[in-house]
Amino acid sequence: MPTIETPTAVVEQFRRDIERNVLRARNGLKHLAGVGRVEVGCSAKELVWERDKVRLYRYDSDHRSLAPPILIVMSLVSKPYIVDLRPGNSFVESLLERGLDVYLLDWGIPDAADADNTLETYCDEYLPYAAVAAMRESARDEIHVLGYCLGGLLSAVFAAGHPEIPLRSLTLLATPVNFAEMGAMTTMVRDERLDLNQFVDATGNIPSEVMLRAVNLMRVTGQASTYAALLDQLDNSEYIAAHQAMHGWATDHIPFPGACFRQIAVSMVRENRLAENRLVTGRGRIDLASITCPVLNVVGLKDYLVPVAANEPILSLIPQLEDLRFDTGHIGLVVGGKAHRSFIPVLVDWLVDHSEELA
């Protein structure tokens with residue numbers, strides 16, 4: 001027989017439905033208005049080195065038990081707080097909890113003074129100095145380097161061009177190598193009839209709005225599914241907070257230094273030199289096969305920004321390489337519940353296995 005609800009139960013259900021709808025309306029309005037933005041990048045850290053706009057931070061920890069330190073290298077076109085998004089949803093927290101000594105390289109926000117920065121500026125000046133500063137601060141003679149997205153590309157070029165820097169390991173997350181497979185983002189740039197200076201603004205850099213439009217070309221479908229999930233979760237304040245933080249980072253681009261953009265556009269997008277292992281910089285030919293430390297390559301099978309095919313050549317270019325593929329997207333490698341349950345523990349385990357206990 002069907003259950004007959006009492007008047008009290010009906011009234012209680014009615015009350016819960018009203019409260020849920022009020023909460024959904026309130027969260028929806030706050031989200032649309034941009035009110036009550038959540039705090040990001042909350043883990044305590046100390047500035048230990050700086051040069052020009054570049055800052056090197058060391059995260060605070062009471063239980064550093066592993067060596068050597070790890071240097072996180074981010075993209076040039078987005079802010080670095082994605083690796084320390086929110087308490088409980090932080091890649092940095094996961095590294096610290098396992099006893100690793102964690103450093104973050106923040107490129108800063110470029111202006112006219114940085115328009116002439118090239119690959120050499122980042123890979124041959126800032127990165128080597130930052131790596132040495134981190135080793136000196138930790139009193140160690142080796143270092144792990146972990147690069148995310150374009151930061152992975154910079155890290156690989158740095159590692160190949162600077163054998164004098166003693167790397168314990170190199171981790172590449174969602175790193176583009178074959179720009180012919182980058183889809184709509186690079187289609188226009190590949191046309192050699194296009195004057196690359198058309199993208200440059202009065203500061204000599206590529207405006208953040210241009211970078212955001214290029215990224216949006218790649219994620220139309222993803223945006224639709226994301227907003228559908230958001231509508232379904234409007235009564236979940238924690239979900240809203242997490243969405244705000246991730247969406248905020250995904251749209252929080254910074255200008256791309258003009259000289260570096262033109263260099264990458266010609267040598268990597270139009271001529272595909274990195275994928276063919278014939279990239280030439282101020283250090284000469286960059287031979288990725290010369291990287292002798294253990295390398296971990298990590299990709300997301302659902303990555304719309306750096307598709308698997310765009311990363312594929314790295315598998316044959318670097319000899320000591322382990323390859324991990326996870327069923328997730330670009331951001332999902334480092335943030336989100338699934339990342340912290342499934343992906344991040346595997347990455348951290350690999351780093352721990354390639355570290356040593358402190359006496």
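Everything that follows concerns the structure shown earlier in this document.
Residues numbered from 1 in each chain as written. Predicted model: local features only at pLDDT ≥ 70, side-chain atom pairs only at ≥ 80, totals over all residues. Heavy atoms only, no water.

Peer 1: Outline the pattern of salt bridges, supporting the account with residue identities and numerical values.
Peer 2: Scanning the model with the defined rule gives 18 salt bridges in all. Of the charged contacts in the structure, one is a salt bridge between Asp-114 and Lys-53, with a shortest N-O distance of 2.8 Å. Here Asp-114 is found in the loop between β5 (102-106) and α3 (119-138), whereas its partner Lys-53 is found in the loop between β1 (45-51) and β2 (54-59), with 61 residues between them in sequence. Residue Glu-276 pairs with Arg-278 through a salt bridge whose shortest N-O separation is 2.5 Å. (Salt bridge = Lys/Arg side-chain N within 4 Å of Asp/Glu carboxyl O. Helix = DSSP H or I, 4+ residues; strand = E, 2+ residues; numbered from the N terminus.)

Peer 1: Can you tell me about helix α4 (residues 150-161), naming the residues and giving the values?
Peer 2: Look at α4: 17 Å from first C-alpha to last across twelve residues, which is about the 16 Å you get at 1.5 Å a residue. Of all twelve residues in α4, twelve are buried; the element is thus mostly enclosed. Every buried residue of α4 is accounted for by Leu-150, Gly-151, Gly-152, Leu-153, Leu-154, Ser-155, Ala-156, Val-157, Phe-158, Ala-159, Ala-160 and Gly-161. (Expected span 1.5 Å × (residues − 1). Buried < 20%, exposed > 50% of the residue type's maximum accessible area, 1.4 Å probe, protein only.)

Peer 1: Would you mind going over helix α9 (residues 258-270) in detail, with residue names and values included?
Peer 2: At Ile-264, α9 shows its largest kink, close to 25°. With eleven of 13 residues buried, α9 is to be regarded as a mostly interior element. Burial in α9 covers these residues: Gly-258, Ala-259, Cys-260, Phe-261, Gln-263, Ile-264, Ala-265, Ser-267, Met-268, Val-269 and Arg-270. At the C-terminal side of α9, Asn-272 shows a positive phi close to 50°. (Bend = angle between axes of the 7 residues up to and from the residue.)

Peer 1: Residue-level account of the nonpolar core, with values.
Peer 2: Core analysis: the largest hydrophobic core is formed by 100 residues, its most contacted members being Trp-107, Phe-256 and Leu-288. Residue contributions to this core peak at ten residues, all from α3. What Phe-256 contacts, discounting residues up to four positions off in sequence, is Leu-76, Val-77, Leu-150, Asn-205, Ile-206, Met-211, Phe-261 and Ile-264. (Core = buried A, V, L, I, M, F, W, Y, C linked by side-chain atoms within 4.5 Å. Contact = heavy atoms within 4.5 Å.)

Peer 1: Which residues make up the sheet that holds strand β10 (residues 295-300), and what are the values?
Peer 2: Across the sheet, eight strands lie side by side as β1-β2-β5-β4-β6-β7-β10-β11; this open sheet has mixed pairing. Strands with a single pairing partner mark the edges of an open sheet, and in this sheet they are β1 and β11 (321-326). Each strand of the sheet is rotated relative to its neighbour by a mean of 20°, with strand direction disregarded. The pairing of β1 with β2 spans six bridges and is classified as antiparallel. Residue pairing in the sheet places Glu-46 in a bridge with Arg-58 of β2. (Pairing = 2+ DSSP bridges. Axes fitted to C-alpha atoms, helices over the stretch in contact; angles between N-to-C directions.)

Peer 1: Lay out the side chain of His-330 in plain terms, naming residues and giving numbers.
Peer 2: Along the polypeptide, His-330 turns up in the loop between β11 and α12 (337-353). Within the structure, the side chain of His-330 is placed 2.7 Å from the side chain of Asp-303, a separation counted as a polar contact. In this structure, His-330 is in contact with Tyr-148, Cys-149, Ala-174, Asp-303, Leu-305 and Val-306, ignoring residues within four places of it in sequence. (Polar contact = N/O pair within 3.5 Å; in protein donor to acceptor, adjacent residues only side chain to side chain.)

Peer 1: Which residues make up the pairing of strand β4 (residues 70-73), and what values do they have?
Peer 2: Going residue by residue along β4, you find Ile-70 and Ile-72 tucked away on one face and Leu-71 and Val-73 tucked away on the opposite face as well. Sheet topology note: the β4/β5 ladder contains four bridges and is parallel. Bridging across to β5, Leu-71 finds its partner in Tyr-103. For the handedness criterion, the β-α-β arrangement of β4, helix α2 (residues 91-97) and β5 is classed as right-handed. Note: β4 against strand β6 (residues 143-148), four bridges, orientation parallel. Paired with Ile-72 across the two strands is Leu-146, which belongs to β6. (Right-handed = clockwise from strand over helix to strand, strands pointing away.)

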